[in-house]
Structures are given as C-alpha cells and as structure tokens.
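# Observations on chain architecture
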Amino acid sequence: MFKEKIPFMRIWIFLFLSFLAVSAQAQYFSSTFFQPAYGWANRDFQFGTDTENGNMALLTLDHVGTWKWGGHYFFINYSIGPFVDYDFATGARSRGVSDYRIYSEYSPWLSFQGLFGWHPWHKVWRDLSIEGSINIAYSGYHAWLGGLGMEFNLPQGYFLKAIFYYKNQQPMRDLPKDEGLQITLVYDITLLKKPGIRLQGFADIQPKINDFWGFDFLAQPRLLLDVGQWLIPKQRPRTWEIGIDWYLHFNDQLSVSVPQPAIRFTW
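Keep in mind it's a predicted model, so treat the numbers as computed, not measured. (Residues numbered from 1 in each chain as written. Predicted model: local features only at pLDDT ≥ 70, side-chain atom pairs only at ≥ 80, totals over all residues. Heavy atoms only, no water.)

## Some words on a nonpolar patch on the surface
A cluster of nonpolar side chains, namely Trp69, Leu110, Leu115, Phe116 and Ile130, defines an oily patch on the protein surface of about 470 Å² accessible area. Looking at the secondary structure, you find Trp69 in the loop between strand E4 (56–67) and strand E5 (70–80). (Patch = residues over 30% accessible without salt bridge, like charges linked within 9 Å, V, L, I, M, F, W, Y side chains within 5 Å. Areas by Shrake-Rupley, 256 points an atom, 1.4 Å probe, with all protein chains shown as cover. Salt bridge = Lys/Arg side-chain N within 4 Å of Asp/Glu carboxyl O. Helix = DSSP H or I, 4+ residues; strand = E, 2+ residues; numbered from the N terminus.)

Quick look at the structure:
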C-alpha cells in the first residue's frame, strides 16, 4: 500500500478554495463537462493505471473558465478497475489494495493582454500568458509547474496553445524527485462544422525526465461527434457528444495506447 507523502486533503482544500475564488470573478467564458469512458489496454505502470486485465473505467470532470486578467483550468480523473502495483526494484506486479484511483490538475494563468492591454505585435500570436499548474495523485505523487504560454491567432473554430513549463515533480512509488522542461500543447479543432465533428485534447512532451524514463510523450486526443444537435436541435451546440478518447503514453520503459469510447455532457 502506498504511503501518502503529502497532506492530500490540505491540497484538495487549497485547490477548492482557489477554484471558488477565481470562479467568483465575472467570467467571460465558462465550460464544464462530465465524461465517462472505458478502455481495454490500460498498462501504464508509471502513472498507476495498470490493471490485471487491462480494463478500466474513467470518469472525468473538467472545467475551464476565463475572465479579464486570465483564466483557470481544472480536472479530476476517477479511475475504476482491478489495479496492480509495480515494484520498480524487482519488476514484479501485485494486486493493488484499491479498485479506484484519483488524479487531478489545477492550472491558472494570467493574460498579458488582460493585465496590460498589450496586444502581441506578431500575427502568429493571439496572446501570451504566465502559466502555473499543480498536479496531484492518490499515491503521494505531486508536481509543480510554472512557465509561459502562447496562444496562436487562428480563425474561429480553431484553438491551439503551447505552454513551456519548468516542472518539478515527486513521482509515485518512492522514486527520486526529478525536474526539467515540459512542453504542453492544447487544441480544439473543428474538422466538419455541419455534422459537428471536432478533435480536442492535449499533448505533454518532456525531452528527458531522467535516465530511467528518458524522453516522454503523453497525449489524449479526443474525436467527438455532436449528437445532441440531432436529438434536441434548439439546445446549445456540443452539449451531448460521443466519440473516442485515445490515451497515449510512450517513453523508454513503456508503450501504452488505449482507445476509450466516451460520452460527454457539457454545460
């Protein structure tokens, strides 16, 4: 059984209070979704989503909001499955003590345009931002990130943002701390407007975590179809969507590809 290395509940209280504080601001944009998904090839022993038979259910609550001076992003993943634990000293796998695991991130940012009324001089960028993030998990894993974000100036229906982080993390399973560069890409691309098909997701790239993991690539592209527009034509677009949430994780020690059918409700 993993020992908690940090006061987990205190961090949750801090995140919750921070979330309430920024939510109290007059928001320009706000979107929250709940998404259940299910996959059959979950073998990611690095992040603790390794199950006996590969099967795992994933419940995601996700929120993004913006206001005059910036915005924030928050999500929590609740995973359910017959989890196994990995012993890094021996390479042995053993049945976990729990059938559920939690992972969450909270990421606020400050906008240069909102703070200073400054508009990027180059047509490539829509805005620059000061970025921060805290990542926490069930086992005592935690990471602190800070850096600079760049939002590309794209036509309506297309969103792309690149974030260059310095990341300091305490891995799970009593592994030593590591730190370094992380490049995060966030995107939302309309593929076919009329049927309501879009590609949405993120990618995290770490040139080198340490000598054990090496180069690390983590991504979760989601291909979504807006079925709600056919069921309830007068509702807001993208309220009900179905699709594939594809979990990808590759480095020197593992190769994981998990297609997960998903249903999404957005409000």
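## Focus on the packing of aromatic side chains
The description of two aromatic rings rests on the distance between their centres and on the angle between their planes. Under the defined criterion, the tally for this structure stands at 11 aromatic pairs. Arranged with centres 6.0 Å apart and planes meeting at 50 degrees, the rings of Phe75 and Tyr103 form a pair that is tilted. Of this pair, Phe75 sits in strand E5 while Tyr103 sits in strand E8 (residues 100–111); the two residues are 28 residues apart in sequence, bridging distant segments of the chain. Judged by relative accessible area, which is 10%, Phe75 ranks as buried. An aromatic cluster is built from Phe45, Tyr86, Phe212 and Trp213, whose rings are joined through pairwise contacts. The ring of Trp109 is capped by Lys161, whose NZ or CZ atom sits 4.2 Å from the centre of that ring. Arg264 extends its terminal NZ or CZ atom over the ring of Phe33, reaching a point 3.6 Å from the ring centre. (Phe/Tyr/Trp six-rings, centres within 6.5 Å; stacked < 30°, edge-to-face > 60°. Buried < 20%, exposed > 50% of the residue type's maximum accessible area, 1.4 Å probe, protein only. Lys NZ or Arg CZ within 6 Å of the ring centre and 35° of its normal.)

## Details of the side chain of Asp204
Residue position: Asp204 is located in strand E13 (residues 197–206). Although Asp204 is buried, it makes no salt bridge; Lys167 carries the closest opposite charge, 5.9 Å away. Engagement of the side chain of Asp204 in a polar contact is seen with the side chain of Thr184, the distance being 2.8 Å. Setting aside chain neighbours within four positions, we find Asp204 in contact with Gln182, Ile183, Thr184, Asp216, Phe217 and Leu218. (Lys, Arg positive; Asp, Glu negative; His and termini not counted. Polar contact = N/O pair within 3.5 Å; in protein donor to acceptor, adjacent residues only side chain to side chain. Contact = heavy atoms within 4.5 Å.)

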